[in-house]
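# Summary of structural features
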Amino acid sequence: MARRYLPVAAFAGLIVAIQLATFFTGTAFHLTQLTMTAYYSLVIVGLCMLIGYAGQISLGHAGFFAIGGYVTAFLTTFNLKLHPGVFVSLLSKSGMLVARPDAYGGSLLTVHPWLACAAAILLTVVIAYLVGGPVLKLKGHYLAMATLGFGIIVYRMVLGTGFLGAADGISDVPGFPLPAGLAITGNSSARVSNYYLAWGLVILGMALLLNLVHSRVGRALAAVHGAEDAAGAMGIPTARYKLNTFVLSAVFASLAGVLLTHYNGGIGPSEAGVMKSVRYVAIVAIGGMANLWGALSMSLVLNYLSLRGYFGTYDDAVFGVILLLIMLFAPDGLLRRHLLSDLKRAVSRNPAEEEAS
Amino acid sequence: MTLLSVRGVSKRFGGLQAVNDLSFDVATGSIKALIGPNGAGKTTLFDLISGFLPPDSGEIVFGGAEIHAMSSCEVAVRGMVRTFQHIRLFPKMTVLENIMVGRHVHSRAGFLAGMLNLPFTWGEERRIREKSFEIMELLGIAAHARTEAVRLAYGQQRVVEVGRALACEPKLLLLDEPAAGLNMRETNEMGRLISRIRDMGVTVLLVEHDMSLVMKISDEVVVLSYGQKIAEDRPLAIQKNREVIRVYLGDDQ
Ligand SMILES: Nc1ncnc2c1ncn2[C@@H]1O[C@H](COP(=O)(O)OP(=O)(O)OP(=O)(O)O)[C@@H](O)[C@H]1O
Ligand SMILES: [Mg+2]
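This section reports on the structure supplied with the text. (Residues numbered from 1 in each chain as written. Chains lettered and ligands numbered in written order. Predicted model: local features only at pLDDT ≥ 70, side-chain atom pairs only at ≥ 80, totals over all residues. Heavy atoms only, no water.)

### Let's talk about the coordination of the magnesium ion (ligand 2)
Donor atoms from the polypeptide that coordinate the magnesium ion (ligand 2) comprise Thr43 of chain B (OG1) and Gln85 of chain B (OE1), at 1.9 to 2.1 Å from the metal. Taken as a pair, Thr43 of chain B in helix α1 (residues 42-49) and Gln85 of chain B in the loop between β6 (80-82) and α3 (95-101) lie far apart in primary sequence, 42 residues in all. (Donors = N, O, S within 2.8 Å, 3.2 Å for Na, K, Ca; no water. Helix = DSSP H or I, 4+ residues; strand = E, 2+ residues; numbered from the N terminus.)

Rendered as structure tokens:
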């Protein structure tokens, strides 16, 4: 138990240390990219669960991120005042709508962000089940291609849909109100609180996933990953477990999409792009596949560098190269869970053992 | 009483009739052996019984229920567990973890309970662990609990596979060549282990090439040749059966 949560506490310490460092060096503007990094990290740890532990690839997770982001962006900016009706007044009476001034001095009546978030997650769950059900029957590159297809569909749909802003995306998305006067918003006055909110959520997500890995379900997933037919013979409903993990990782991605959209005040079609999905997979891969901490630390470093513009115009290319190199030279990832024990084993290996295996 | 009943089961692979209109029963509490030359269809029959393959025709009844349309998972939940001719342990998992997976059907913590680490799962995990150690003690592999299972010697991997199946507390245990690749001492130990499993109340259906093992431990023997049953009798009678002798000697000549 302590072995599980000690790293979580250490990571929380790191997050505090980073904030303090930016405070004392007067570089608090870094927190903006670090907060965005947190939301992308949420996608990545969820995807790590799917790829590394359940053994299923997805090249379509930017699609789930976009579903979350676009649903909330649309619902919280679509002016219902212009579309009065029984349904709208019903929603209004039950307190599910909010009024706010728009950018041009007029006023808006939109769905409350909490309801929008709930709708986004619900839609994600439904779509993930509908897509995952048939698609997860596929294996290896067939699964990769099918999920890629899903990602492309979402991308082309947001790009081609007028009320989703087409190539421009949706802007003027309001902040996401939280209790105690907090809000998820890009206002620079809320920079520090948003940094902690975002990373707090990541830490919570990590704790949940680490618990899952060390549970009966985690063991079953490892069994499915290692020898699927033998797992089935032990009474593990392999298809259902894979599907549930797929949906779980989709929810992580979608929630990240919702919150980052409120933080950024908008979302554009590039968030649904295939290169985003590739980037997520690349980070999980370099993090060591079945290694939540590896994926998280790689996500922290790479997303931050990318968002700060260190990769310049080669941004997407960098992640393509990472994926290529990992697949060529270290298909198990760089930060492998068993790296240490493997090294020990390699050193202590004797010829007799070699022969036996 | 009959625990498993195979009735007129057939399976075809393209032009090859792997199992042909096969029928036999397995009595509760017995050890039944299935023998036959290479390619006779023994493993295919196991695949059919355990839900890995659907039969083309025929019925399979287990514990009073028709199971021939069920998945391997559903069959396992009903209390029938198999081992594999080619060992299929879970890689990257310790012996203990492999056996703990066997407790899956007897525990219930799902995704939500696991993620939230709910208190009821603590006791459940402890019981899974205790039961797994109990089984490892019984099989004499407790010393290897923390070793990665696929790193053990071959004979021990076979024992782990049996242990994993036993952890499910099956009513019927299907063993596909449990003594394959074992030396004489290990084979004898495996034989004693299988008898002990039967004495624990588990019915055993066994595919095995080692004749002395089969004759020593089984209550009844079914002989397959080209997917068909050519004999079903007590071990002593099988040894004298002319058809069986012809099939076996004919193979070697
Ligand atoms: N999936 C399959 N597709 C096509 N042919 C198959 C398949 N599985 C088995 N066979 C064929 O069916 C026949 C029976 O195979 P099976 O593995 O059941 O034999 P067996 O009695 O277990 O043999 P052994 O003693 O060698 O294990 C063989 O000729 C085999 O080649
Ligand atoms: Mg066989």
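### Digging into the nonpolar core
Within the largest apolar cluster, 156 residues are counted, with the highest numbers of intra-cluster contacts made by Trp199 and Leu292 of chain A together with Phe90 of chain B. Per-element accounting of this core gives the leading share, 16 residues, to helix α2 (residues 30-53) of chain A. Among the domains, domain 1 (1-79 + 170-179 + 202-253) and domain 2 (85-167) of chain B are the pair contributing at least three residues each to this core. Beyond its immediate sequence surroundings of up to four residues, Leu292 of chain A is in contact with Val45, Cys48, Met49, Tyr53, Met206, Leu209, Leu210 and Val213 of chain A. In terms of nonpolar packing, the next biggest core, distinct from the first, is built from 26 residues, Ala40, Phe46, Phe62 and Val75 of chain B among them. (Core = buried A, V, L, I, M, F, W, Y, C linked by side-chain atoms within 4.5 Å. Buried < 20%, exposed > 50% of the residue type's maximum accessible area, 1.4 Å probe, protein only. Domains from an automatic or database assignment. Contact = heavy atoms within 4.5 Å.)

### Thoughts on the packing of helix α6 (residues 154-167) of chain B against helix α7 (residues 184-199) of chain B
For any two helices packed against each other, one specifies the crossing angle of their axes together with the interaxial distance. All names here are of chain B. For the pair α6 and α7, the least separation of the axes is 11 Å and the interaxial angle reads 10°. Taken together, the axes of α6 and α7 are roughly parallel relative to one another. Between α6 and α7, the residues in contact are Gly155, Arg158, Val159, Val162 and Leu166 and Glu186, Met190, Leu193 and Ile197, respectively. Residues that form the contact of α6 with α7 fall into these classes: six nonpolar, one polar and two charged. (Axes fitted to C-alpha atoms, helices over the stretch in contact; angles between N-to-C directions. Parallel < 35°, antiparallel > 145°, perpendicular 65-115°, else oblique. Nonpolar A, V, L, I, M, F, W, Y, C, P; charged D, E, K, R; others polar.)

### Let's talk about a nonpolar patch on the surface
All names here are of chain A. A surface patch of nonpolar side chains, amounting to about 570 Å² of accessible area, comprises Val16, Leu20, Phe23, Phe24, Val192 and Tyr196. Breaking the nonpolar patch down by element, the ones donating at least two residues are α1 (2-24) and α7 (191-213). Looking at which element gives the most residues to the nonpolar patch, the answer is α1, with four residues. Following the sequence through the fold, Val16 ends up in helix α1. Overall, Val16 belongs to the partly exposed group, its relative accessible area being 35%. (Patch = residues over 30% accessible without salt bridge, like charges linked within 9 Å, V, L, I, M, F, W, Y side chains within 5 Å. Areas by Shrake-Rupley, 256 points an atom, 1.4 Å probe, with all protein chains shown as cover. Salt bridge = Lys/Arg side-chain N within 4 Å of Asp/Glu carboxyl O.)

### Some points on the interface of chain A and chain B
In this assembly, 31 residues from chain A lie in contact with 37 residues from chain B. In terms of surface lost to chain B, no three residues of chain A exceed Arg216, Arg219 and Met234 of chain A, which account for 30% of the buried area on that side. If you look at where chain A meets chain B, you find two salt bridges. A salt bridge links Asp229 of chain A to Arg88 of chain B; its shortest N-O distance comes to 2.1 Å. Taken together, the connections running from chain A to chain B amount to eight residue pairs in polar contact (both at pLDDT 80 or more). Looking at the side of chain A that touches chain B, the elements that each hand over two or more residues are α1, α7, α8 (216-226), α9 (228-233) and α10 (238-264) of chain A. Broken down by element, the side of chain A that touches chain B gets its largest block of residues, seven residues, from α8 of chain A. (Buried area = accessible area lost by both parts, 1.4 Å probe. Polar contact = N/O pair within 3.5 Å; in protein donor to acceptor, adjacent residues only side chain to side chain.)

### So, unusual backbone geometry
Residue and element names in this part refer to chain B. We note that Asp21 has phi near 45°; this positive angle belongs to a residue other than glycine. Tracing the backbone shows Asp21 in strand β2 (residues 16-27). Residue Asp21 is classed as exposed on the basis of its relative accessible area of 53%.

### Some thoughts on the sheet that holds strand β3 (residues 31-35) of chain B
Residue and element names in this part refer to chain B. Pairing within the open sheet is mixed, and its six strands lie in the order β6-β7-β8-β3-β9-β10. The strands lining the two open edges of the sheet, one partner per strand, are β6 and β10 (228-233). Ignoring which end each strand starts from, the neighbouring axes of this sheet average 15° apart. Inspection of the sheet shows β3 paired to strand β8 (residues 203-207) by four bridges, in the parallel sense. Looking across to β8, one finds that Ile31 is bridged to Val204. Contacting β6 and β7 (172-176), α6 runs over the sheet at an angle of about 160° to β7. (Pairing = 2+ DSSP bridges.)

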